[in-house]
Amino acid sequence: MSTEQQTHGYSDEKQAYLRRLKRAEGQVRGIARMVEGDKYCIDILTQMAAVNKALHAVSIGLLEDHIAHCVVNAANESAETGNPEIVAEKVSEATAAISRLLRS
């Protein structure tokens with residue numbers, strides 16, 4: 001890896017992602033308090049669904065950023081160099097990430 005700092009596809013949205021993740025973190029702490037306080041299980045499950053939805057939204061955003069930035073850059077590099085493996089690797093990464101998201 002070079003000494004230059006690598007720019008990731010999510011860099012433009014980094015602060016928004018951090019806000020969403022901190023909000024989800026707060027929701028998880030709230031769920032723990034609900035369990036400690038013996039709250040109604042359906043209310044806890046409702047909050048769990050909200051956290052899952054928030055994390056899912058961040059995941060989809062990161063995946064979109066990966067495709068728009070990393071995969072597109074790899075496709076351009078692949079076209080310039082004539083090496084199809086460059087783009088194939090990034091597409092494979094995206095496919096594996098999608099597969100993990102679908103299993104979760």
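Residues numbered from 1 in each chain as written. Predicted model: local features only at pLDDT ≥ 70, side-chain atom pairs only at ≥ 80, totals over all residues. Heavy atoms only, no water.

A.B. asks: What exactly am I supposed to notice about the pattern of salt bridges here?
C.D. replies: Opposite charge on two side chains permits pairing when their charged atoms draw close. For the structure on display, the rule yields two salt bridges. The partner of arginine 29 in a salt bridge is glutamate 25, and the shortest N-O contact between them spans 3.5 Å. Residue arginine 29 and its partner glutamate 25 are located together in helix H1 (residues 14-36), separated by four residues, close to a single helical turn. The exposure class assigned to arginine 29 is partly exposed, which follows from its relative accessible area of 46%. (Salt bridge = Lys/Arg side-chain N within 4 Å of Asp/Glu carboxyl O. Helix = DSSP H or I, 4+ residues; strand = E, 2+ residues; numbered from the N terminus. Buried < 20%, exposed > 50% of the residue type's maximum accessible area, 1.4 Å probe, protein only.)

A.B. asks: Quick question: what am I supposed to make of helix H3 (residues 84-103) here?
C.D. replies: Note on helix geometry: an α-helix contains 3.6 residues per turn, so any two residues three or four positions apart are oriented the same way. With 20 residues, H3 extends 29 Å from end C-alpha to end C-alpha; this agrees with the ideal 28 Å at 1.5 Å per step. If you check the start of H3, you find a side-chain oxygen 2.9 Å away from the backbone N of glutamate 85, and it comes from asparagine 83. (Expected span 1.5 Å × (residues − 1). Polar contact = N/O pair within 3.5 Å; in protein donor to acceptor, adjacent residues only side chain to side chain.)

A.B. asks: Explanation requested: the packing of H1 against helix H2 (residues 41-81) in the structure shown.
C.D. replies: The packing of two helices is summarised by the inter-axis angle and the distance between the axes. Between H1 and H2, whose axes approach to 10 Å, the crossing angle comes to 160°. When the axes of H1 and H2 are compared, the pair comes out roughly antiparallel. For H1 against H2, the interelement crossing comes out left-handed. Looking at side-chain class alone, the contact of H1 with H2 contains 16 nonpolar, three polar and three charged residues. (Axes fitted to C-alpha atoms, helices over the stretch in contact; angles between N-to-C directions. Parallel < 35°, antiparallel > 145°, perpendicular 65-115°, else oblique. Left-handed = near helix turned anticlockwise from the far one by under 90°. Nonpolar A, V, L, I, M, F, W, Y, C, P; charged D, E, K, R; others polar.)

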